[in-house]
Amino acid sequence: MEVITYQCPNCAAPLEFNSETQKWDCKFCLSSFEESDLQKMQTQETAEPEESEQDDQEQTGQKCYFCPNCGAEIVTDESTVASFCTFCGNPVVLPKKMDGLFRPQQVVPFQLNKEQAKQALYQLCRKKPLLPRDFTDKAHIEKVTGIYVPFWLNDCYVNANLQATGERVSSWKKGDTQYTKTDVYALFRTGSFIYRDIPSDASKKMDDDMMDALEPFSFEELKEFQMPYLSGYFAQRYDVSKEECRERVKKRIEQSTKEKLRETCLHYTAVQVSSSSADIIKADSKYVMLPVWLLYTKYHSKDYLFAMNGQTGKMVGELPMSIPKAFLIGGIIAVATTILGTIGGLLLC
Amino acid sequence: MLKRFLTLSLTILLLFACNVPVGAVRADLPLGLGEIRIIDNADLLSEQEEKQIEEYGEQIAQETGLIVLIQTTNSTNGKEIRRYLADAYEDLGYNDSMPSIMLGIDMGNRELAVVTSIVSEEYFPVKKTNAMVDDVTDYLSDGEYQRAAKKFLDETYETIRNYGVKPVKEIVLISLGAGVVLALIVVAVMVAVHPKLSNNQVSASRYLASKVQMHEHRDQYLRSHTAAVKINSNTGGSSSGGRFSSSSGGHYSGSSGKF
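Here the residue numbering is sequential within each chain, running from 1 through the sequence in written order. By the order in which they are written, chains take letters starting at A while ligands take numbers starting at 1. Note on the predicted model: pLDDT of at least 70 is required for a residue's local features to be given, and 80 or more for side-chain atom pairs to be given and counted; whole-chain, interface and lining totals, by contrast, use all residues. Hydrogen atoms and water are omitted, and side-chain values are computed over all heavy atoms in the structure.

Trainee: Looking at this structure, how should I read the interface of chain A and chain B?
Mentor: On the chain B side, the residues contacting the 75 residues of chain A number 61 residues. Values labelled buried area give the accessible surface lost by two parts on being combined, using a 1.4 Å probe and summing over both. Across the interface of chain A and chain B, roughly 5,900 Å² is buried in total on both sides, 68% from carbon and sulfur atoms. Interface area lost by chain A to chain B is led by Val-184, Phe-188 and Leu-346 of chain A, which between them contribute 10%. In what follows, salt bridge is the name for a side-chain nitrogen of Lys or Arg lying within 4 Å of a carboxyl oxygen of Asp or Glu. Linking chain A to chain B there are two salt bridges. The criterion used for residue contact is that any of the two residues' heavy atoms lie within 4.5 Å.

Trainee: In this structure, what is going on with the sheet that holds strand S3 (residues 100-106) of chain B? I would like to understand it.
Mentor: The strands that make up a sheet pair up through hydrogen bonds in the backbone, lying either parallel or antiparallel. Residues and elements named next belong to chain B. Strands sit in the order S1-S2-S3-S4-S7-S6 across an open sheet of six strands; the sheet is mixed. Two strands close off the open sheet at either side, each with one partner strand: strand S1 (35-40) and strand S6 (240-245). Neighbour-to-neighbour, the strand axes of this sheet turn through a mean angle of 15°, independent of strand direction. A pair of strands is considered paired only if DSSP assigns at least 2 bridges between the two. Every helix listed is a DSSP run of H or I at least four residues long, and every strand listed is a run of E at least two residues long, numbered separately from the N terminus. Where S1 meets strand S2 (residues 67-73), six bridges bridge the pair, whose relative direction is parallel. Across the sheet, residue Arg-37 finds its bridge partner in S2, namely Leu-69. Here an axis means a line fitted to C-alpha atoms, over the contact stretch when the element is a helix, while the angle between two N-to-C directions is reported on a 0 to 180 degree scale.

Trainee: What's the story with a nonpolar patch on the surface in this structure? I'm lost.
Mentor: All names here are of chain B. Side chains of Leu-173, Leu-176, Val-180 and Leu-184 sit close together on the surface and give an oily, nonpolar patch of about 360 Å² of accessible area. Locating Leu-176 in the fold gives a position in helix H6 (residues 168-193). Throughout this description, buried means an accessible area under 20% of the type-specific maximum (1.4 Å probe, protein chains only), exposed means over 50%, and partly exposed covers the range between. On the basis of relative accessible area, Leu-176 is assigned to the partly exposed category, the value being 33%. By definition, no residue in a patch forms a salt bridge, and every one has over 30% relative accessible area; like charges are joined within 9 Å, nonpolar side chains (Val, Leu, Ile, Met, Phe, Trp, Tyr) within 5 Å. Using a 1.4 Å probe, accessible areas were evaluated by the Shrake-Rupley method; residue-level cover was limited to the displayed protein chains.

Trainee: Even after reading the chapter, I still don't get unusual backbone geometry, so can you show me in this structure?
Mentor: It is generally the case that most residues other than glycine have a negative phi and that most peptide bonds are trans. Residues and elements named next belong to chain A. Cis geometry marks the peptide bond from Glu-215 to Pro-216, where omega comes out at 10°. Its location among the elements puts Pro-216 in the loop between helix H5 (208-213) and strand S12 (223-224). One non-glycine residue with positive phi stands out, namely Gln-22, at about 60°. Examined against the element boundaries, Gln-22 turns out to sit in the loop between strand S1 (15-18) and strand S2 (23-26).

Trainee: I would appreciate a short explanation of the packing of aromatic side chains in the present structure.
Mentor: Each pair of aromatic rings is reported with the distance of its centres and the angle of its planes. Here is the rule: rings of Phe, Tyr and Trp (six-membered ring for Trp) pair when centre to centre is within 6.5 Å. Planes less than 30 degrees apart are stacked, more than 60 are edge-to-face, and the remainder are tilted. In this structure the tally under the stated criterion is 22 aromatic pairs over all chains. On the numbers, 4.8 Å between centres and 35° between planes, the contact of Phe-102 of chain A with Tyr-238 of chain A is tilted. Here Phe-102 of chain A is found in the loop between strand S8 (91-93) and strand S9 (106-107), whereas its partner Tyr-238 of chain A is found in the loop between strand S13 (234-236) and helix H6 (242-263), with 136 residues between them in sequence. On the accessibility criterion, Phe-102 of chain A (25% relative accessible area) is partly exposed. Measuring from centroid to centroid gives 5.5 Å for Tyr-185 of chain A and Tyr-221 of chain B, while their planes differ by 70°, and the two rings are edge-to-face. Placement of Tyr-185 of chain A in strand S11 (residues 177-201) and of Tyr-221 of chain B in strand S5 (residues 213-230) is noted, with the two residues assigned to different chains. Taking the relative accessible area as the measure of exposure, Tyr-185 of chain A reaches 16% and is therefore buried. Put simply, the rings of Phe-102, Trp-152, Tyr-238 and Tyr-287 of chain A touch in pairs and so form one group of aromatic residues. Whether a charge sits over a ring depends on NZ of Lys or CZ of Arg being within 6 Å of the ring centre and within 35 degrees of the ring normal. Positioned over the ring face of Tyr-268 of chain A is Arg-168 of chain A, at 4.3 Å from the centre of the ring. Its end group placed over the ring of Phe-102 of chain A, Arg-237 of chain A keeps NZ or CZ at 4.1 Å from the ring centre.

Trainee: Help me understand the pattern of salt bridges in this model?
Mentor: Opposite charge on two side chains lets them pair, provided their charged atoms get close. Counting across every chain of the model gives 22 salt bridges over all chains. Between Lys-118 of chain A and Glu-115 of chain A there is a salt bridge, with its nearest N and O atoms 3.4 Å apart. Placement of both Lys-118 of chain A and Glu-115 of chain A in helix H2 (residues 114-125) is noted, with a separation of three residues, approximately one turn of the helix. Under the relative-accessibility criterion, Glu-115 of chain A is labelled partly exposed at 44%. Between Lys-128 of chain B and Glu-155 of chain B there is a salt bridge whose closest N-O contact spans 3.9 Å. Remark: Glu-155 of chain B occurs in helix H5 (residues 145-161) and Lys-128 of chain B occurs in helix H4 (residues 126-141); sequence separation between them is 27 residues. Since its relative accessible area comes to 27%, Lys-128 of chain B is described here as partly exposed. Through salt bridges with shared partners, a single network forms among Asp-208, Asp-212, Glu-215, Arg-248 and Arg-252 of chain A.

Next up, the structure:
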C-alpha cells in the first residue's frame with residue numbers, strides 16, 4: 001500500500017503543515033509551499049510511481065508499512081490514516097486508507113500550532129498548586145499531540161412537540177392573612193426545527209462526551225479536503241457510521257427542542273414538562289476532519305485525557321489532583337493559624 | 001515528607017502549649033463588704049429556699065468581696081427595672097462606689113435585670129450581664145426561682161474567679177479550630193480553582209439554522225386554588241443593656257430582659 005511523505009522539492013526533507021501560515025514548511029531548508037505546489041508534486045509522483053513500492057501486511061488487525069524515508073516499519077491500526085515513523089520521525093500519510101467513502105469531504109485545518117497548544121497548557125497549569133509535578137513537567141507537556149479526528153456533520157429537519165403544566169401564582173394580603181392563588185394551565189407546543197452541521201465524532205477511540213465538549217468549531221473555516229493537510233499530524237478515519245452517530249445526534253436534538261419549546265412557555269411562575277419528543281424527518285451527513293490537540297497522562301494508575309480544540313483553543317478533559325500536596329498545604333495553614341491565633345489570643349486576653 | 005512535617009508541627013504546637021503558663025495572671029478581687037441581701041417582696045422563695053440561697057450566697061459574697069443583692073417585686077412603680085434595682089440598692093445604704101452585683105425580678109411586668117455598680121463594671125461588662133440575664137431567664141420562665149437565684153450566684157462567682165485568667169486551653173483550641181477551618185477553606189478553594197475543564201456538551205440549539213416554526217402554541221386553563229396563611233406577629237423579647245443612672249445620680253451598668 002502506498003505511503004506518502006510530502007518531501008521538500010529542494011532538500012527532500014519532510015514537509016509539515018504550518019497552522020499559522022496555512023502553508024507547508026520544510027524545517028531543514030526553511031522553504032514554504034502553497035497547497036497548489038503540493039498538488040503539482042502529488043500529480044508528478046502519481047505519474048511516476050516510486051521505485052521503492054511499499055508493502056503492507058496484516059498482523060492481527062494492524063497494518064504494517066515501510067517508511068519511505070528510512071525504510072523502517074510503521075505499524076498502525078485499521079483506522080489510522082496519518083502518523084509518524086517511530087525511527088526517523090518522518091510524517092507519513094496513508095492515502096489508500098482514505099479512498100472512496102473514507103475520503104473526507106472537508107477539513108478544518110489546525111489554527112493553533114504545537115507551541116501555542118503547549119503555551120495554553122502552561123497557562124492552565126500556572127498557579128495551580130494541586131496539579132502533580134508529573135503533569136506540569138515540561139517534558140510531559142511536550143507530548144501533546146495533534147490529531148485530525150473524523151466527524152460527521154449532520155443537517156436535520158425536525159418536528160418536535162412538548163406538553164407541560166404551567167402555574168401562575170399571585171399573592172395578596174388582607175388583614176393578618178396572606179392569600180396565594182395558583183392558576184394551573186395545560187401547555188401544548190409543536191414546532192419545526194432546522195439544524196445545520198451538528199458535529200458527532202466518528203472515531204471509536206475518541207471519548208464522545210469529550211469531543212462534544214470541544215465544540216464549537218467554526219465551520220466557516222471548512223476547506224476542501226486535501227491529503228497534505230494531514231502531514232505532520234496523526235489522523236484517524238471514521239469507524240462509526242453516520243447512522244450510528246445519528247442516534248447520539250437525535251438525543252442532543254431532543255434536548256435542544258425541549259429547551260426551545262420550553263422557552264416559549266412565557267409568563268408562568270413554574271413550568272413542569274410532562275412529555276416531549278422530536279422526530280428527525282430528513283437528515284443529511286457530511287464527513288469531515290476536525291483538529292484536536294491531545295495529551296494523555298497516567299497518574300496513580302488512573303488515565304487522564306486532556307483535549308484542546310485545534311481551531312479555537314477550547315480545552316476539555318480531566319486534570320489530575322495531588323492529594324498529598326493538598327494535605328501538606330492544609331497542614332501548613334492549620335499549624336500556622338493555630339500558632340498565630342494562640343499568640344494573638346494570649347496577647348489580647 | 002508529609003509525615004515528617006505533621007510530626008514536627010504537632011511537636012511545636014505541644015511544646016508551645018506546654019510553655020504557656022496556665023492561669024497566668026489573676027487580677028485582684030474586688031475589695032468590698034462581701035455580703036448578701038435578699039429582699040423577696042414578691043414571695044417567690046419559701047423561707048427554707050431563701051435561707052439556702054442566703055447561705056450559699058454568703059459564701060460567694062465573702063469569697064468575691066461583692067455586695068450581692070437579690071430583689072423581687074410585684075411592681076417597680078413605673079420605673080425601668082434596672083433603675084428600680086439601683087434605687088433599692090441605694091435605699092439599703094450602699095452606693096455606686098462599692099463593688100456589687102444585683103438581680104432584680106419584677107413579676108408585675110415579668111421582667112428581670114442584672115445590674116452592677118460602676119466600679120464592678122470591669123468584672124461584669126454589659127456583654128456579661130446580658131449573658132447572665134439570658135441564662136437566668138430560662139429558669140424564671142419555668143418558675144424555678146430558687147434555681148434562677150442559684151444560677152445568678154454561680155455565674156457571679158465564676159465571673160470573679162475567672163477574671164484575668166487567660167483561658168489558654170480555650171485559646172489554643174479555638175485557634176486550632178480556626179486553623180483547621182481556614183485550612184479546609186483554603187484547600188476547598190484550591191480544589192475549586194483546580195483546573196476542572198468544563199466538559200459540558202454544547203447545546204444543539206447552537207446549530208439551529210433558522211427560527212423555530214411554531215405549529216401549535218396553546219395554553220389551556222385547568223384549575224385554580226387559593227391558600228391562606230395567617231401572618232404571625234413577632235412576640236419575641238430581647239434583652240437590653242448599658243450604663244444608666246439611679247434616681248440619686250449613681251452610676252450603674254447592667255442588662256434587663258423579659259421572661
